[in-house]
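Given next are the chains, with one letter for each unit.
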Amino acid sequence: MSGFFDRLRSQRPKTTAQPGANASREIPDNLWVKCSRCHTAVFRKVFEEQFKVCDKCGYHHKLTAWERVSLLSDPDAFLEWDAGITPADPLQFGPDYQRKLEEDRQKTRLGDAVLSGRTLLANHPVALGVMDFAFRGGSMGSVVGEKITMLMERALSERLPTIVVTSSGGARMQEGIYSLMQMAKTSAARVRLQEAGLPYLVVLTDPTTAGVAASFAALGDVILAEPDAIIGFSGARVIEQTIRQKLPEGFQTSEFYLKHGFIDSVVPRKDLKSSLARLLGFLTRSGSVASVTE
Amino acid sequence: MTQRVLEVESPLLELEEKINELKIVNQTGKIDLSREIEALERKASQLKKSIYENLTPWEKVRLARHPERPTTLEYVNAMFTDFFELHGDRHYADDAAIVGGFARLDGQPVMVIGHQKGKETRENLFRNFGMPNPEGFRKAGRLMKLAASFHVPIVTFIDTPGAYPGIEAEERGQYEAIAQNIALMSSLPVPIIVTVIGEGGSGGALAIGMGDRVLMLEHSVYSVISPEGCASILWRDATRAEEAARALRITAQDLHRRGIIDAIVSEPPGGVHRAPHVVFGKLANIIAESIEELAALPSALLVERRYQKYRAMGEFVCAVENEERVPVAAGVG
Ligand SMILES: [Zn+2]
């Protein structure tokens, strides 16, 4: 457990020495960290050892994609796929949008809102995709759609289980209809995993809504969620404006969807890797899916 | 948002009214106005053509939402015979915002499914303005599976502002219902023909909108978000919807150029509601031909082609293909 951030430091000196703008807003750069929900000051080292979970209120602060990979991967096991796929501006939204993309590239050290690759999770070889909310709110445009699809197609050809950790406000508006079509493309790829008997596990993290929720995020063989993540199709504000009522307490949280039957289990971050490892154990034999089906 | 008349139409409507007045005078037989009437009718027809060939994206949005625009059931009743409506998702309820059932096209069985808007307030309330709840999508999914089990081609009609944003819709898993349908449509071994007849609103449209052939009526629109929603998110100003409609590239012409849809079905001047039967006839032919062509393919090839069609959608920059990268500084060495 301890050593999570140390390991990350050794892997990604640039990213962690200057944490993303999003992360640094949540966590001032000193000995103490203020929880962005309960505002309690927590000793940084404790905070980091608990994977950015507040020990007072239990709030799960957002992880960057690289932090998430470090949380789930065995040391030095991660090999990135498709890093060369980066966003175009297909509808010509213009310099303002392109500047925002560039800012987020600097901030996250990612080409777009998803990081994907092959790794080992507690010695299980897996294809792992992780979304990063700090890149344009994790929105799905052509790059996210392509990289998730590529991840699944590679998992298919290498006969690996697939794990995707979602965090997304939905479609990349600036890519218009192309964003919408990524829902079709990724869902179709997911079906191929099913047909090939390869497991697909999803971890929903805060937030997972709209176009991502309504495509590959909802289609896991097993769907886990981090506590208190916002999940759903329509945004709370849109619903409030439509029905002209206040929304009930706890609406659209992980616990809400657990209660309504759409999530298999709500798993705190400290147990996430071990839970995934246990599931992989049930779904694969000797860490490899190939031996089950071949 | 909608009104009976678009601003852009009003010079035409004024002219048509004048022509009618002249015709009444002409009928009295006191003065012969037939030459003048003829000239004005020529002018009206030119005006009609120029107005509807040069609609802006926002004007198309308005036309796509026009209250007199034919709805799914009008297409179904005009284009098909022997429509047998099937109700309910078998789990929770029947959603009137989506209709579906067996019907015949040129005598051949098909499964038709579509969003259903109302024309008047009461009907619109009953149909929830064509905005489905999860049970609507699940009914559609059930009917599609039923069709596939008996090798019946699927014909869908898209006309929705989007999935309904409500508390119960979320409780019953709106996102899950949409995702399941998309996944299902990607692998059904029967031809699927989709036609956007009015508004193609985001995930709620795609949930019955994935197909081997996707057609759009000339003045219909298809978008990831409503122009109003886009404007209010991007610029915090819903009144800039006109600008957003342009930026989002939502017209049939834009989407055809970009290879997102397969064909455009032309509308009579003034829009489909001015002469719906012309469009019904034409569309029925196109759908029948598409089904015939697609039904001839082995089902595995049909599904593979559909996969590749959607697989190719997306625009991005690809620096190096098929690379496997060790993270910077993670250094294997
Ligand atoms: Zn706290």
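Here the structure is a predicted model, which is why all the values come from computation and not from measurement.

**Quick notes on the overall build of chain B**
Link 1 in the chain: On a plain count of helices and strands, chain B comes out with 14 helices and ten strands.
Link 2 in the chain: Seen through its principal axes, chain B has C-alpha atoms that stretch 100 × 50 × 40 Å.
Link 3 in the chain: Within chain B, buried positions represent 55% of all 333 residues.
Link 4 in the chain: A sequence separation of at least 24 residues applies to 72% of the contacts in chain B between residues at least 6 apart.
Link 5 in the chain: With the model as given, the accessible surface of chain B reaches about 14800 Å², and the carbon-plus-sulfur share is 52%.
Link 6 in the chain: Between the averaged position of the 38 positive side-chain charges in chain B and that of its 46 negative side-chain charges there is a distance of 1 Å.

**Side note on the domain arrangement of chain A**
All names here are of chain A.
Link 1 in the chain: Taken domain by domain, chain A consists of domain 1 (29-61) and domain 2 (62-284).
Link 2 in the chain: A separation of 24 Å is found between the C-alpha centroids of domain 1 and domain 2.
Link 3 in the chain: Contact with domain 1, which involves seven residues of that partner, is made by eleven residues of domain 2.
Link 4 in the chain: Summing both sides of the interface, domain 1 and domain 2 together bury roughly 770 Å²; the carbon and sulfur share of this comes to 50%.
Link 5 in the chain: Looking only at domain 1, the three residues that lose the most surface to domain 2 are Phe51, Lys52 and His60, adding up to 67% of its buried area.
Link 6 in the chain: Linking domain 1 with domain 2 are two salt bridges, by the criterion used here.
Link 7 in the chain: A salt bridge links Asp228 to Arg37; its shortest N-O distance comes to 2.2 Å.
Link 8 in the chain: On the surface where domain 1 and domain 2 come into contact, there are seven residue pairs in polar contact (both at pLDDT 80 or more).

**Comments concerning the coordination of the zinc ion**
For a metal with four tetrahedral donors the ideal donor-metal-donor angle is 109.5 degrees, while six octahedral donors give ideal angles of 90 or 180 degrees.
Link 1 in the chain: Protein coordination of the zinc ion is provided by Cys35 of chain A (SG), Cys38 of chain A (SG), Cys54 of chain A (SG) and Cys57 of chain A (SG), with donor distances spanning 2.2 to 2.4 Å.
Link 2 in the chain: If you list the donors of the zinc ion from N- to C-terminus, the spacing comes out as C-x2-C-x15-C-x2-C.

Rules of the game
For every chain, the first residue of the written sequence is number 1, and numbering continues from 1 along that sequence. Each chain takes a letter, starting from A, and each ligand takes a number, starting from 1, following the order in which they are written. Restriction of local features to residues with pLDDT of at least 70 applies here, the model being predicted, together with a cutoff of 80 or more for giving and counting side-chain atom pairs; totals for whole chains, interfaces and linings are based on all residues. Calculation of side-chain values draws on the structure's entire complement of heavy atoms; hydrogens and water are dropped beforehand. Working definition: helices are DSSP H or I runs of at least four residues, strands are E runs of at least two. Numbering for both runs from the N terminus. Using a 1.4 Å probe on the protein chains alone, a residue whose accessible area is under 20% of its type maximum counts as buried, one over 50% counts as exposed, and one in between counts as partly exposed. Residue contacts follow a heavy-atom distance rule, with two residues in contact if any of their heavy atoms lie within 4.5 Å. For the area figures, the Shrake-Rupley method with a 1.4 Å probe applies, and any residue is considered shielded solely by the protein chains shown. The convention is simple: Lys and Arg are positive, Asp and Glu are negative, and His and the chain ends are not counted. For this purpose, a charge sits on NZ of Lys, CZ of Arg, CG of Asp or CD of Glu. An automatic or database domain assignment supplies the residue ranges for each domain. Note: buried area is the sum, over both parts, of the accessible area (probe 1.4 Å) each one loses when the two are combined. Note on definitions: salt bridges are taken to be side-chain nitrogens of Lys or Arg within 4 Å of carboxyl oxygens of Asp or Glu. Any pair of nitrogen or oxygen atoms within 3.5 Å is treated as a polar contact; in protein, a donor-acceptor pairing is required on top of that, and neighbouring residues in sequence qualify only through side-chain atoms on both sides. Nitrogen, oxygen and sulfur within 2.8 Å of a metal are treated as its donors, or within 3.2 Å for sodium, potassium and calcium (Na, K, Ca); water is not counted, so a site can appear incomplete.

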